[in-house]
Amino acid sequence: MVKTILVTGSEGQLGKSLRILATKKEQIRWVFCSREELDITKAESIENAFKKYHPTHCINCAAFTNVRLAEAEPKLAEAINTHGVGKLISVCNQFKATLVHLSTDYVFDGQKTTPYTEEDLVNPLNAYGKTKAAGENLVLTQGRKAYVVRTSWLYAKEHGQNFYRSILDKARAGEVLEVVNDQTGTPTSTTALANYLYRLIQQGPPYGIYHFAESKIQTWYSFAKDILAAHKLMTELRPISSPKEKLIRPSYSPLVSIKPLENDL
Ligand SMILES: NC(=O)c1ccc[n+]([C@@H]2O[C@H](COP(=O)([O-])OP(=O)(O)OC[C@H]3O[C@@H](n4cnc5c(N)ncnc54)[C@H](OP(=O)(O)O)[C@@H]3O)[C@@H](O)[C@H]2O)c1
């Protein structure tokens with residue numbers, strides 16, 4: 001049977017990378033839904049899209065991803081990252097579609113000293129992490145055919161507003177860069193993640209939690225250094241500490257997978 005993959009939140013940075021991947025994977029029918037066409041906070045909007053396209057799979061890239069704003073507007077973040085995900089699961093179950101839901105390293109508290117695996121317990125520190133952890137929990141307890149794919153520190157080189165592009169913009173504008181050096185994670189390109197999601201869908205079950213991140217463990221400062229070196233930019237770069245503020249982020253949240261895909265082996 002030909003697979004139909006419906007991508008929600010298609011105008012975000014991961015959605016756009018999946019759109020690029022889709023041009024190379026034409027044996028699949030791809031449907032890209034922006035927030036205007038499919039709003040995950042509205043059951044009717046989800047049902048209408050599913051009635052129209054009959055997806056076999058849904059990759060949920062729709063999310064409230066502004067970590068700072070989530071702290072100020074936790075109800076708004078919850079409406080999308082938790083209750084919206086709940087609505088999407090119901091419709092996926094109703095249409096017997098497989099859900100691939102994206103989640104984050106921010107579900108962890110950063111207390112470990114080795115990378116987080118699929119077996120580690122969540123303990124989110126901030127509103128964004130809490131709403132994402134609650135969304136994951138709904139997927140895992142209510143989804144009939146469902147994956148949670150946790151990823152971290154996403155960047156797209158070609159599009160969107162992200163750390164990678166903002167470092168390049170500032171360097172090219174001649175700014176001296178001050179970048180935090182006390183948060184550690186695994187920066188991950190949306191191109192690599194899009195490929196992984198495709199391979200996961202091709203592999204099929206077991207359902208459950210999967211981690212996907214690139215393997216290099218970095219601070220934001222060391223990542224900025226790599227970006228500048230890759231572009232041969234000699235910009236002055238200074239390491240700084242995270243500002244003291246109400247918003248708490250995990251200081252250490254690299255992800256690693258102990259569940260390789262069959263086609264990794
Ligand atoms: N960015 C990261 O560093 C990072 C790290 C770890 C995990 N993740 C996870 O990876 C996934 C993809 O992230 P991303 O960086 O691609 O996010 P993104 O660029 O912020 O894109 C999210 C998209 O979702 C849309 N959206 C928001 N509310 C919606 C709703 N109610 N219904 C439908 N669409 C809605 C947004 O549209 P509007 O722009 O119109 O709001 C946006 O196009 C998310 O689940 C995120 O939590 C991201």
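None of these values were measured; they are calculated from a predicted model.

Rules used in this analysis
Residues numbered from 1 in each chain as written. Predicted model: local features only at pLDDT ≥ 70, side-chain atom pairs only at ≥ 80, totals over all residues. Helix = DSSP H or I, 4+ residues; strand = E, 2+ residues; numbered from the N terminus. Rg over C-alpha atoms; globule rule 2.2 N^0.38 Å. Buried ≥ 20, exposed ≤ 12 C-beta atoms within 10 Å, placed from the backbone. Contact = placed C-beta atoms within 7 Å. Pairing = 2+ DSSP bridges. Right-handed = clockwise from strand over helix to strand, strands pointing away. Arc of directions from axis to C-beta. Near = placed C-beta within 6 Å. Axes fitted to C-alpha atoms, helices over the stretch in contact; angles between N-to-C directions. Parallel < 35°, antiparallel > 145°, perpendicular 65-115°, else oblique. Left-handed = near helix turned anticlockwise from the far one by under 90°. Nonpolar A, V, L, I, M, F, W, Y, C, P; charged D, E, K, R; others polar. Core = buried A, V, L, I, M, F, W, Y, C linked by C-beta atoms within 7 Å.

(A) Quick peek at the overall build of the protein chain. On a plain count of helices and strands, the protein chain comes out with eight helices and 12 strands. Expected size for 265 residues packed as a compact globule is a radius of gyration near 18 Å; at 18 Å, the protein chain falls within 12% of this value. By its C-alpha atoms, the protein chain is 55 × 40 × 40 Å across when sized along the principal axes. Here the protein chain holds 265 residues, and 39% of them are scored as buried. For the protein chain, the proportion of contacts with a sequence separation of at least 24, taken over those separated by at least 6, is 81%.

(B) Summary view of the pairing of strand 4 (residues 98-104). With seven of seven residues buried, strand 4 is to be regarded as a mostly interior element. Neither face of strand 4 is open: one carries Thr98, Val100, Leu102 and Thr104, the other Leu99, His101 and Ser103, and all of them are buried. Where strand 3 (residues 57-60) meets strand 4, four bridges bridge the pair, whose relative direction is parallel. By the bridge assignment, Asn60 is partnered in strand 4 with His101. In this fold, the crossover linking strand 4 to strand 5 (residues 146-151) by way of helix 5 (residues 127-142) has right-handed handedness.

(C) Spatial organisation of helix 6 (residues 163-172). Looking at helix 6, one finds that the buried residues are Tyr164, Ile167 and Ala171. The buried side chains of helix 6 occupy one side of the element, clustering within an arc of 70° when seen end-on. Facing away from the buried surface of helix 6 by more than 90 degrees, the exposed residues are Asp169 and Arg172. Residues of helix 6 that are buried in the fold lie against strand 6 (154-155), strand 7 (177-180) and helix 8 (220-230). Once helix 6 finishes, Gly174 follows within two positions and takes phi at roughly 85°, a positive value.

(D) Structural view of the site of the ligand. Around the ligand sit 26 residues in total, of which Gly9, Gly12, Leu14, Ala62 and Ala63 are the nearest. Elements supplying a minimum of two residues to the shell around the ligand: helix 1 (13-22), helix 4 (74-94) and strand 4.

(E) Representation of the packing of helix 6 against helix 8 within the structure. With their axes 10 Å apart at the nearest point, helix 6 and helix 8 run at an angle of 60° to one another. As far as their axial angle goes, helix 8 and helix 6 are oblique. Note on packing geometry: the crossing formed by helix 6 with helix 8 is right-handed. Mapping the contact onto sequence places Phe163, Tyr164, Ile167, Leu168 and Ala171 in helix 6 and Trp220, Ala224, Ile227 and Leu228 in helix 8. Residues of the contact of helix 6 with helix 8, tallied by class, amount to nine nonpolar, no polar and no charged.

(F) Representation of unusual backbone geometry. With omega at 10°, the peptide bond leading from Pro205 into Pro206 counts as cis. You will see that Trp153, though not glycine, has its phi angle at about 45°, which is positive. Of note, Trp153 is situated in the loop between strand 5 and strand 6. By the C-beta count within 10 Å, which is 24 here, Trp153 ends up buried. Phi at Lys232 takes a positive value of approximately 50°, unusual for a residue other than glycine. Look at Lys232 and you get exposed, because 6 C-beta atoms sit within 10 Å.

(G) Looking closely at the pairing of strand 2 (residues 29-32). Every second residue of strand 2 is oriented toward a common face, the buried set being Trp30 and Phe32 and the non-buried set Arg29 and Val31. For the crossover that starts at strand 1 (residues 4-8), traverses helix 1 and ends in the parallel strand 2, the hand is right-handed.

(H) Broad picture of the sheet that holds strand 3. Read across the open sheet, the six strands follow the order 2-1-3-4-5-10; overall the sheet is parallel. Two strands in the sheet have a free side with no partner beyond their single neighbour: strand 2 and strand 10 (208-211). The mean inter-strand angle of the sheet, taken between neighbouring strand axes irrespective of direction, is 20°. Relative to strand 5, strand 4 is paired through six bridges, and the arrangement is parallel. Opposite Leu102, over in strand 5, you have Val149 as the bridge partner. On top of the sheet, helix 7 (residues 190-203) reaches strand 1, strand 3, strand 4, strand 5 and strand 10; it is set at about 155° to strand 5, its chief contact.

(I) Here's a closer look at the nonpolar core. Ranked by internal contacts, the top residues of the largest apolar core, which has 60 residues, are Val7, Ile59, Leu88, Ile89 and Leu99. Sort the elements by how many residues they give to this core and helix 4 lands first, with seven residues. Those residues in contact with Ile59, other than ones at most four positions away along the chain, are Ile5, Val7, Leu18, Val100 and Leu197.

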